[in-house]
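# What the coordinates show
Here is how the chains run, residue by residue.
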Amino acid sequence: MELIIFRGVRNIVDIAPPSDVCLRNNRPDVCAPYLLGVLIFMFLLVFLLPAASVASDDENCLMCHKMPGLGRYAKGENQNAVKRILYVNEELFKASYHGRLRCKSCHQGVDEIPHTDAEKVDCASDCHIQDPSSNSEFSHRAIVHDLSMSAHGAKQVKNGQVEDLPNCKYCHSNKPYQRSDTDHQESMKFLNICLQCHESKEWAERFFKHINYRASTRRSSKQVVELCGQCHADRVMMDNHDLDVVVGFNDTFHGKAIRYGDAEVANCLNCHAPYQSGFSPHSILSQRQSTSPVSNENKIETCRQSGCHTEAKEEFATSGKIHPSSFTTVQMMSRNTLNRPGEADPDSEFQEWVLHMISLFYKTLIIVVVGGLALHQILDLLAIRRERKLREG
Amino acid sequence: MLDALKAIIRTLYIIALMGFTLWYGYFLYPVIFGTTEVETEEDFASQEIEAFFGEGTTEEEKEFMKSLKQQQRISTTDLGYMVIEEQYVKGHFHHVGMKVETDDNSICTRCHGAVPHDKAKTIRAFLNMHAFYMACETCHVRPEDDEQEWEFRWYDKATGKVVANPPGLNTLDESMYGNYSAKISPGGIKQDGSFKFINGPKELAFVERYLKEEGRLDDTQKSKMKKVIHRNVNEDPLICDGCHTISDEPYLPFTLLGYPQRRLHELTSTEVVGMINKYQEFYIPNLLRGGGVDKDVETE
C-alpha cells in the first residue's frame, strides 16, 4: 500500500529514504525526521484525498463508466443516430438528486458484462430506497401516470407520432443540488438545528438540501419559456399534432417582462399548470378540456390566482388573446380557444386587423415624430453653422 | 460667456436627445411592439438548410444540419459554486461536466469520426473509450516483422505536436481519468534523433487534399487512393490483452508514457484483466481477430 502510494506521487519518494536503509544501518536517530515526515505526509494524504475518490461504488460500475469517451452511436426511435454517452462524472453524480441511488436502481438488468440484458430506464419503477413519508419503496410511478394521462401523454396523440412527446429526460437532467457558497453557509447554520435531533449529518444535510431545493425556483421563467418553446414554437411539429403554434408569447407583457429579467412574472407553467391551484406540470391538459386551468371556464380563476391579477374581471380573461399572433394569416386562423386550428374565426380576424392597423399607425407616428425631431435638429445645426459663417464672413 | 454656456446647453440637449432616441429604439420599441418569433433550434436549422441546399431538401440533409447545430450548442449549468459547461447532447441525463476537445490532427477521424467503432455491438463503447485518448494508429497500425518497434508519444489534440506526459495521469481525481486533451500515437526516431509520428502533418494534408478533390475522381481512382491512405493499416488490430496483461511487457510502455505505478496496477489488475479475458473468450468478434465477420457483429 505504502509502496503504491509513493510510486504514484513521485517527487515525495525522493525526500524519504527507503525504510530498509534505516534498518540496515541501525540508525533510527538519523531516519527519525524522515519517518516523521512520512507519517505526516500519510496523515495529510488521507485527509486531502478528494471525496469522490473515496466514495463508495459497491457495484464497481465506475471501474469502466468513469472513463470519458465510453460511448457509441445507436439508432434512436425515429431511426436517426443517437449519441449515447456512457460516462458518468462521479463527483457530479454524487451531488445530484439521484446521488444516493445505486446505478442498478434505475439501470435494471445490467447483471451481465457486457450489458446485453440492459433494460430501458423506467422512471416508474421502484427505486429501492425508502420513501420516509410512507416507509414504502420510492417511485415516480404516480408522476409517470399523470404524464401519460396529460396532454403530453401518448394516449392523447392521435397521429401516432409519439416520438415528439417529451419524456422525463426532455425536461429533467440529473442536476446537482444548486447552492451558492453564501447560501450554503446560511443553510449550514440552519442545518445545525436539524442536527440537534437527527444524528446522521450526511442524511440530514441531504434531506435539507432536497427540501431547500424543492422549495426554491429551480428553472427561471426564461428557461421555462425556452423549454416549452422548443416544441410549441415549432411550426412543423405543431402542425403534425393539430395544435396552435405559440409564436406570440414574447410579444405579451408577460413575455416582455421575462425578456427584461422580471423573475416574478408568469411563465407558461404559471397559467397552464399553476401549482397553487393544485395543478402540476406533469398533468397539463389541453385547453379544450373543461378541467384545464386555461379552458374558457377556468381561465379567469387562473388569472386571479394569488400574486397575479387578483382583482381581474371576467372580461379580462375572455376578451383578448393570451398569445397574440404576429399578424400572419396562418396564425390568425388558430387563435380562438374553441376553434380548431385551421378554422378561421371572422371576429378574431377582424380584431387582428384592427390591432394590426393600430400598431402600424403608432409605428408610423413614432417614426415621423422621432425622425422629424432628428431632422429638425440637423437642420437647426446647419442653420447655426450658416449663421456663424455669415457673422464671421 | 453667455454664448458659450448656451452652446454647451444646446450640445448637451442634442446629445441627450440622441441618447434618448437610441435608448427608445433599443429598449422600448420591443416592449411596445413585441419581438420577433421564438426561433427554435429546428427553425435555425431549417433556415440554414434552405440557404445551403436550397428548397426541397431531404430528411437526411435536414438531420445533418440539425446535428451541426447541436454540435455547436453548449449546455451551461450554474451550480452556484461552479459553472458546468458541456456539449449539449439531446436526451442525455447525467451531466458530463466538461467540454471535450476535438482531435484536429488525426487523419482517421476526418472520415471515421471521433466515435468510430460501431460494428461490434458488445465492445464498441469500450473501443470508443480508448479512441478518446489513443490515436487509431496505436491499435490499427502495427510494425511489420522486419520493422523496428514503435515508439509512443502523446500528441496535443489541438496542435498535433508532441507533448509531455499529461499531468492528468498522476491525479488521484478519478474524474480526470482519460481526459488529457492528448492522445497516444506511435512513431519512430529519425536519424537526427528527433521523434516523428507515423502520421503527421504531411499525411494529414494528403488526406485533406484527397477529401477536397474526391469528387473529381472516378471509383477506381478513389479506391486506389483509399488503399494508399490505408496502406499501413493492419487487418488484425491490437486487441485488449496486448496491453491489459499481467506480463511484464505490455504493448504500450505505460511507464514511459507517464502512467504512475498506481495506474499501471489498475490497468493490469486482476479485475481488469479478468474482465478482458472474459470479453476475449466470449465477445471479441472474429472481425477484430482477422477472421472475417462474426455472428456477434451486427451492422447498425
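Residues numbered from 1 in each chain as written. Chains lettered and ligands numbered in written order. Predicted model: local features only at pLDDT ≥ 70, side-chain atom pairs only at ≥ 80, totals over all residues. Heavy atoms only, no water.

Secondary structure assignment for chain B yields 10 helices and six strands. Counting across all 300 residues of chain B, residues that qualify as buried make up 38%. Here chain B displays about 18,100 Å² of accessible surface, and carbon together with sulfur accounts for 55% of that area. (Helix = DSSP H or I, 4+ residues; strand = E, 2+ residues; numbered from the N terminus. Buried < 20%, exposed > 50% of the residue type's maximum accessible area, 1.4 Å probe, protein only. Areas by Shrake-Rupley, 256 points an atom, 1.4 Å probe, with all protein chains shown as cover.)

Attention now moves to the overall build of chain A. Along chain A, the regular secondary structure elements total 20 helices and four strands. The buried share of chain A, reckoned over its 393 residues, is 30%. In chain A, the proportion of contacts linking residues at least 24 apart, taken out of those at least 6 apart, comes to 42%. In the form shown here, chain A has an accessible surface area of approximately 25,300 Å², with 58% of it arising from carbon and sulfur atoms. (Contact = heavy atoms within 4.5 Å.)

This part is about the state of the cysteines. This model, assessed by the stated rule, comprises zero disulfides over all chains. Left without a disulfide partner, A:Cys228 is nearest to the cysteine sulfur of A:Cys268, which lies 3.9 Å away. On the basis of relative accessibility, which here comes to 23%, the residue A:Cys228 falls in the partly exposed class. With no disulfide partner, B:Cys240 has as its closest neighbouring cysteine sulfur the one in B:Cys139, 8.6 Å distant. (Disulfide = S-S within 2.5 Å.)

All names here are of chain B. When you line up the elements, His244 lands in the loop between helix H8 (219–229) and helix H9 (261–267). A residue is classified by how much of its surface remains accessible, and His244, at 11% relative accessible area, is buried. For His244, the side chain forms a polar contact with the main-chain oxygen of Leu267, separated by 2.9 Å. When residues no more than four places from it in sequence are discounted, the contact partners of His244 are His130, Leu267, Val272, Val273 and Ile276. (Polar contact = N/O pair within 3.5 Å; in protein donor to acceptor, adjacent residues only side chain to side chain.)

Attention now goes to the sheet that holds strand S5 (residues 182–189) of chain B. As summarised here, the arrangement of the four strands in space is S4-S3-S5-S6 (chain B), forming an open sheet in which the pairing is antiparallel. Here the strands that pair on one side only, and so sit at the sheet edges, are strand S4 (162–163) and strand S6 (195–197) of chain B. (Pairing = 2+ DSSP bridges.)

All names here are of chain B. Under the defined criterion, the tally for this structure stands at 12 salt bridges over all chains. Between Lys183 and Asp103 there is a salt bridge, with its nearest N and O atoms 2.9 Å apart. You can see Lys183 sitting in strand S5 and its partner Asp103 sitting in the loop between strand S2 (83–87) and helix H4 (109–112), a full 80 residues away along the chain. Of the two residues, Lys183 and Asp103, both sit in the buried class. For the salt bridge of Arg216 with Glu213, the shortest nitrogen-to-oxygen distance reads 2.7 Å. (Salt bridge = Lys/Arg side-chain N within 4 Å of Asp/Glu carboxyl O.)

Right, let's get into a nonpolar patch on the surface. Judged by side-chain polarity, A:Tyr260, B:Phe20, B:Trp23, B:Tyr26 and B:Phe27 come together as a nonpolar surface patch covering roughly 570 Å² of accessible area. Mapped onto the elements of the fold, B:Tyr26 is located in helix H1 (residues 2–33). (Patch = residues over 30% accessible without salt bridge, like charges linked within 9 Å, V, L, I, M, F, W, Y side chains within 5 Å.)

One recurring pattern in soluble globular proteins: nonpolar side chains tend to sit buried together. With 36 residues, the main nonpolar core has B:Tyr133, B:Trp154, B:Ile184, B:Leu252 and B:Tyr259 as its most contacted residues. Those elements giving two or more residues to this core turn out to be helix H6 (62–65) of chain A together with helix H5 (124–131), strand S3 (151–156), S5, H9 and helix H10 (270–282) of chain B. No other element matches the four residues that H10(B) contributes to this core. Core analysis: the next-biggest nonpolar cluster, separate from the first, contains seven residues, A:Val224, A:Val225, A:Ala257 and A:Val265 among them. (Core = buried A, V, L, I, M, F, W, Y, C linked by side-chain atoms within 4.5 Å.)

A few words now on the environment of A:Ser277. Residue and element names in this part refer to chain A. Structurally, Ser277 is set in the loop between helix H16 (268–272) and helix H17 (299–303). Assessed through its relative accessible area of 38%, Ser277 is described here as partly exposed. In the structure, Ser277 is positioned 16 residues away from Pro293 in sequence and 8.6 Å away in space, judged by C-alpha atoms.

On the surface, A:Arg385, A:Arg388, A:Lys389 and A:Arg391 cluster together into a positively charged patch. Turning to its location among the elements, A:Arg388 is positioned in helix H20 (residues 346–392). (Lys, Arg positive; Asp, Glu negative; His and termini not counted. Charge placed at Lys NZ, Arg CZ, Asp CG, Glu CD.)

On the secondary structure map, B:Ser185 appears in strand S5. Among residues more than four places away in sequence, those in contact with B:Ser185 are B:Ala135, B:Glu137, B:Thr138, B:Glu151, B:Phe152, B:Arg153, B:Tyr155, B:Phe195 and B:Phe197.

We now examine the confidence of the model for chain A. Residue and element names in this part refer to chain A. Mean pLDDT for chain A: 76, with 75% of residues reaching 70 or above. Low pLDDT (under 50) marks residues 1–25, which in the prediction has 21 contacts with non-local residues, meaning those over four places away or in another chain. Low pLDDT, under 50, characterises residues 41–55; the stretch is placed with 14 contacts to residues that sit more than four places away or in other chains. (pLDDT = per-residue confidence, 0-100.)

Right, let's talk about the packing of helix H7 (residues 201–213) of chain B against H8(B) for a bit. Residue and element names in this part refer to chain B. H8 packs onto H7 with a crossing angle of 165 degrees between their chain directions and a minimal axis gap of 11 Å. Considered as vectors, H7 and H8 are oriented roughly antiparallel to each other. You can see that H7 and H8 cross each other, and the crossing is left-handed. For the pair formed by H7 and H8, the contact residues are Phe206, Val207 and Tyr210 on the first element and Lys222, Met225, Lys226, Val228 and Ile229 on the second. Counted by class, the contact of H7 with H8 contains six nonpolar, no polar and two charged residues. (Axes fitted to C-alpha atoms, helices over the stretch in contact; angles between N-to-C directions. Parallel < 35°, antiparallel > 145°, perpendicular 65-115°, else oblique. Left-handed = near helix turned anticlockwise from the far one by under 90°. Nonpolar A, V, L, I, M, F, W, Y, C, P; charged D, E, K, R; others polar.)

What follows covers H5(B). With six of its eight residues buried, H5(B) lies for the most part within the structure. For H5(B), every residue scored as buried is listed here: B:Arg124, B:Ala125, B:Phe126, B:Asn128, B:Met129 and B:Ala131.

The next thing to look at is unusual backbone geometry. A positive phi angle, near 60 degrees, is found at A:Asn135, a position not held by glycine. Even without being a glycine, B:Ser181 presents a positive backbone phi close to 60 degrees. Looking at the element boundaries, B:Ser181 is found in the loop between S4 and S5.

Under the counting rule described, the total for this entry stands at 11 aromatic pairs over all chains. With a centroid separation of 6.0 Å and 40 degrees between ring planes, the pair formed by B:Phe20 and B:Trp23 is classed as tilted. Here B:Phe20 pairs with B:Trp23, and both are found in helix H1, just three residues apart, close to one helical turn. Its relative accessible area of 45% is what places B:Phe20 among the partly exposed residues. Among the aromatic residues, ring-to-ring pairing joins B:Tyr133, B:Trp154, B:Tyr180, B:Phe254 and B:Tyr259 into one connected group. We note A:Lys256 situated over the ring of A:Phe253; from NZ or CZ to the ring centre the distance is 5.1 Å. In this structure, B:Lys157 packs its charged tip against the face of B:Phe132, placed 4.3 Å from the ring centre. (Phe/Tyr/Trp six-rings, centres within 6.5 Å; stacked < 30°, edge-to-face > 60°. Lys NZ or Arg CZ within 6 Å of the ring centre and 35° of its normal.)

Together, B:Glu144, B:Asp145, B:Asp146 and B:Glu147 give the surface a local cluster of negative charge. Mapped onto the elements of the fold, B:Glu147 is located in the loop between helix H6 (136–140) and S3.

With that settled, the discussion passes to the confidence of the model for chain B. Residue and element names in this part refer to chain B. When pLDDT is averaged along chain B, the result is 80; 77% of the residues meet or exceed 70. Mean pLDDT in chain B bottoms out at helix H2 (residues 41–53), which sits at 56, and peaks at H6, which reaches 95. This stretch, residues 36–41, has a pLDDT under 50; its non-local contacts, to residues over four places away or in other chains, come to 19 contacts. In this model, residues 289–300 is a region of pLDDT below 50 whose contacts with residues beyond four sequence positions or in other chains number 29 contacts.

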